[in-house]
Amino acid sequence: MGAVDHQGVRTRRKRMTGEERRRQLVGIGRELFAERGFAATSVEEIAARAGVSKPVVYEHFGGKEGVYAVVVDQEMRILVDMVSEALGAEGARNKIEKAALALLRYVEEHTTGFLVLTRDSHVASGTGSFASLINDIASQVEYIMVDEFDQRGYDPVLAPMYAQALVGMWALTGQWWLEVRKPKREVVAAHLVNLAWNGLSNLDPKPRLQTRRR
């Protein structure tokens, strides 16, 4: 059915192509999943916001699980690409600085996507989760840690654990910063690097707990 312009003349609304409709539904799904989470979002809501019937959503994605899968996959790819580019910098400290900034920049510039990734720890679609995203990024950080550990005489076998701890610290700080939005991104990154780099620079090669067992 056509729309009516300001002069009362009925005009034919341009029909979306299949690809345009998919992009529209993914964009609407991203907003709803960020606002309400996966469980509380329905196909009816996605269809209503798009101005289409439910069968259109099913036709393109097979249900909300399909929409969610595409949204998560897109956001994970964006974040991993941003961090991967940062890790291509020269020098270990420079890599850590740029990676911390990249994650915070993603939080700031792709807030809706970050909310989708962090709101639901499960993944109905089977494409991954925030935990698996952290694993993906940590695996890229790991090779930096292995080189640094080897040069400094630490056990490189422990590098994966340290990579998980480092990336987990960035990610959790990003979630906190999403809520408070202060101090500035560069200040937060500087403090993250301060904790991470200075901590790594003074590692005890054979740490022991100081508390005694009872």
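Residues numbered from 1 in each chain as written. Predicted model: local features only at pLDDT ≥ 70, side-chain atom pairs only at ≥ 80, totals over all residues. Heavy atoms only, no water.

### What about unusual backbone geometry?
With an omega of 0 degrees, the peptide bond running from K182 to P183 counts as cis. You can see P183 is positioned in the loop between α8 (159-180) and α9 (185-201). Even without a glycine there, the phi angle at R181 is positive, about 55 degrees. Within the secondary structure, R181 is located in the loop between α8 and α9. (Helix = DSSP H or I, 4+ residues; strand = E, 2+ residues; numbered from the N terminus.)

### Focus: the packing of aromatic side chains
Within this structure, the stated rule accounts for 6 aromatic pairs. An angle of 25 degrees between the planes, with centres 6.0 Å apart, marks the rings of F33 and F38 as stacked. The two residues F33 and F38 agree in class, both being buried. Put simply, the rings of F33, F38 and Y68 pair up and form one aromatic cluster. The ring of F38 is capped by K64, whose NZ or CZ atom sits 4.4 Å from the centre of that ring. Above the face of the W177 ring, R181 is positioned so that its terminal group lies 5.8 Å from the ring centre. (Phe/Tyr/Trp six-rings, centres within 6.5 Å; stacked < 30°, edge-to-face > 60°. Buried < 20%, exposed > 50% of the residue type's maximum accessible area, 1.4 Å probe, protein only. Lys NZ or Arg CZ within 6 Å of the ring centre and 35° of its normal.)

### Some points on the nonpolar core
Within the largest apolar cluster, 64 residues are counted, with the highest numbers of intra-cluster contacts made by F33, I46, L133, I137, V141, M145 and W170. A total of 10 residues in this core trace back to one element, the largest contributor, which is helix α4 (residues 64-86). Those residues in contact with F33 that lie beyond four places of it in its chain are F38, T41, I46, K64, V67, Y68, V71, V116 and R119. (Core = buried A, V, L, I, M, F, W, Y, C linked by side-chain atoms within 4.5 Å. Contact = heavy atoms within 4.5 Å.)

### Remarks on the environment of D147
Structurally, D147 is set in helix α7 (residues 130-152). Under the relative-accessibility criterion, D147 is labelled partly exposed at 41%. Once the C-alpha coordinates of D147 and A159 are considered, the two residues, 12 residues apart in sequence, prove to be 9.1 Å apart.

### What to know about α7
With 23 residues, α7 should cover 33 Å at 1.5 Å per step; its first-to-last C-alpha distance of 32 Å lies within 8% of that length. Helix geometry: α7 is bent most strongly at Q140, by close to 30 degrees. When we look at burial in α7, the residues that qualify are F130, L133, I134, I137, A138, V141, I144, M145, E148 and F149. Buried residues along α7 sit against α4, α5 (92-109), α6 (111-119), α8 and α9. At the exit of α7 stands G153, carrying a positive phi of roughly 80 degrees. (Expected span 1.5 Å × (residues − 1). Bend = angle between axes of the 7 residues up to and from the residue.)

### Focus on the UniProt feature "DNA-binding region" (unreviewed entry) in the protein
The positions UniProt marks with the feature "DNA-binding region" (unreviewed entry) are residues 42-61. Helix makes up 80% of residues 42-61 and strand 0%, whereas the separation of the span's terminal C-alpha atoms amounts to 13 Å. (UniProt positions renumbered as here; feature names shortened; annotations may be inferred.)

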